[in-house]
Amino acid sequence: MSQKGILVVISGFSGAGKGTLMRALLEKYDNYSLSISATTRQPRAGEVDGREYFFVSQEHFKSMVESDALIEYAQYVNHYYGTPRDYVEKQLSQGRDVILEIEIQGALKVKKKFPDALLLFVMPPSAEELKRRLVNRGTESLEVIQARLKRAAEEAVGIEAYDYIIINDVIDTCAEELHQLIQAQHNKTSNRLEFINGIRIGLNQL
Ligand code: 5GP
């Protein structure tokens with residue numbers, strides 16, 4: 001199993017800059033696969049079905065849940081979001097590291113199912129900066145921004161369940177930091193048992 005890819009969960013408050021960070025990481029390195037979630041929310045301007053998300057109806061989402069086609073799913077500010085199973089399992093078995101950009105409830109479910117998953121939480125440099133970024137993005141109404149800030153305050157309670165935080169200040173530095181953390185996870189003893197056992201056997205034969 002040592003050649004299997006690593007499951008990396010990235011969460012962060014809405015507006016923390018996860019999307020930009022992911023793009024920077026994927027541009028720089030080609031060994032990562034980004035999972036595309038299914039969601040019942042409407043596409044934002046510029047979002048394309050099958051690229052940012054699979055935009056599906058409530059009924060379709062429900063049928064995915066019932067047929068166990070999702071690794072995890074959660075409700076987030078009035079909409080459902082879930083991770084399709086097929087893509088993730090296939091990429092992992094091909095040795096690619098798979099990134100799930102999901103919120104905290106989903107992250108905790110993934111950690112339960114995949115104890116070796118690496119959980120990372122992207123944080124803004126400050127609370128004020130988070131609000132500034134959400135307002136400047138201009139994609140949500142003030143009402144939705146308030147709901148998302150409220151959700152951020154709730155999510156902030158559970159951050160200790162993650163392995164590391166990444167403070168999103170300078171994007172290139174953050175992308176590099178992210179890459180290093182994922183690479184380090186490959187050498188976690190629990191991910192390298194086959195290699196370790198090989199050395200043990202070799203030592204005993206010397
Ligand atoms: P947004 O509407 O801003 O694209 O996403 C809202 C929240 O849903 C973000 O925190 C995002 O990480 C999370 N999210 C996106 N896809 C999934 C998913 O498949 N599962 C879960 N649990 N959360 C998701």
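The shown structure was predicted, so the numbers you read here are calculated from the model rather than taken from an experiment.

**Some thoughts on the overall build of the chain**
Check the secondary structure of the chain and you find eight helices and nine strands. Here the C-alpha radius of gyration of the chain, 18 Å, is about what a compact globule of 206 residues would show, namely 17 Å. Here the chain holds 206 residues, and 42% of them are scored as buried. Across the chain, every contact between residues at least 6 apart in sequence was considered, and the portion connecting residues at least 24 apart equals 69%. Carbon and sulfur atoms provide 54% of the accessible area of the chain, an area that totals close to 11,500 Å². Distance between charge centres in the chain, computed from 25 positive and 28 negative side chains, equals 2 Å.

**Let's talk about the environment of Ala-184**
Position of Ala-184 among the secondary structure elements: in helix H7 (residues 171-186). For Ala-184 and Leu-120, which are 64 residues apart along the polypeptide, the C-alpha to C-alpha distance reads 13 Å.

**Overview of the site of the ligand**
Among the 16 residues in the neighbourhood of the ligand, the closest are listed as Ser-37, Arg-41, Tyr-53, Tyr-81 and Glu-103. A distance of 2.6 Å separates a nitrogen atom of the ligand from a polar atom in the side chain of Glu-103. Judged by the proximity of its atoms to the pocket grid, the ligand belongs to the largest pocket. Going through the elements one at a time, strand E5 (70-76) and strand E6 (79-84) are the ones with two or more residues in the shell around the ligand.

**Section: the sheet that holds strand E9 (residues 164-167)**
Pairing is parallel in the open sheet, where five strands are placed in the order E2-E7-E1-E8-E9. Whereas interior strands pair on both sides, the edge strands pair on one side only; in this sheet they are strand E2 (32-34) and E9. Strand after strand, the sheet turns through a mean of 30° between neighbouring axes, direction not considered. As paired strands, strand E1 (residues 7-12) and strand E8 (residues 118-123) are joined by five bridges and run parallel to one another. Bridging across to E8, Val-8 finds its partner in Leu-118. Helix H1 (residues 18-28) contacts E1, E2, strand E7 (97-101) and E8 of the sheet and is inclined by roughly 165° relative to E7.

**Regarding the sheet that holds strand E4 (residues 53-55)**
Whether parallel or antiparallel, the strands of a sheet pair through hydrogen bonds between backbone atoms. Spatial ordering of the open sheet is given by E4-E3-E6-E5, a layout of four strands whose pairing is mixed. Whereas interior strands pair on both sides, the edge strands pair on one side only; in this sheet they are E4 and E5. Between one strand axis and the next, the sheet turns by 25° as a mean value, whatever way the strands run. Bridging between strand E3 (residues 37-39) and E4 involves three bridges; their strand directions are parallel. Paired with Ala-38 across the bridge in E4 is Phe-54. Against the sheet, helix H2 (residues 58-66) touches E3, E5 and E6, its axis set at about 140° to E5.

Definitions and limits used
- Residues numbered from 1 in each chain as written.
- Predicted model: local features only at pLDDT ≥ 70, side-chain atom pairs only at ≥ 80, totals over all residues.
- Heavy atoms only, no water.
- Helix = DSSP H or I, 4+ residues; strand = E, 2+ residues; numbered from the N terminus.
- Rg over C-alpha atoms; globule rule 2.2 N^0.38 Å.
- Buried < 20%, exposed > 50% of the residue type's maximum accessible area, 1.4 Å probe, protein only.
- Contact = heavy atoms within 4.5 Å.
- Areas by Shrake-Rupley, 256 points an atom, 1.4 Å probe, with all protein chains shown as cover.
- Lys, Arg positive; Asp, Glu negative; His and termini not counted.
- Charge placed at Lys NZ, Arg CZ, Asp CG, Glu CD.
- Near = heavy atom within 4 Å.
- Polar contact = N/O pair within 3.5 Å; in protein donor to acceptor, adjacent residues only side chain to side chain.
- 1 Å grid on protein atoms, 1.4 Å probe; cavity = no way out; pocket = protein on both sides within 12 Å on 5 of 7 lines; lining within 4 Å.
- Sits in = over half its atoms within 2 Å of the grid points.
- Pairing = 2+ DSSP bridges.
- Axes fitted to C-alpha atoms, helices over the stretch in contact; angles between N-to-C directions.

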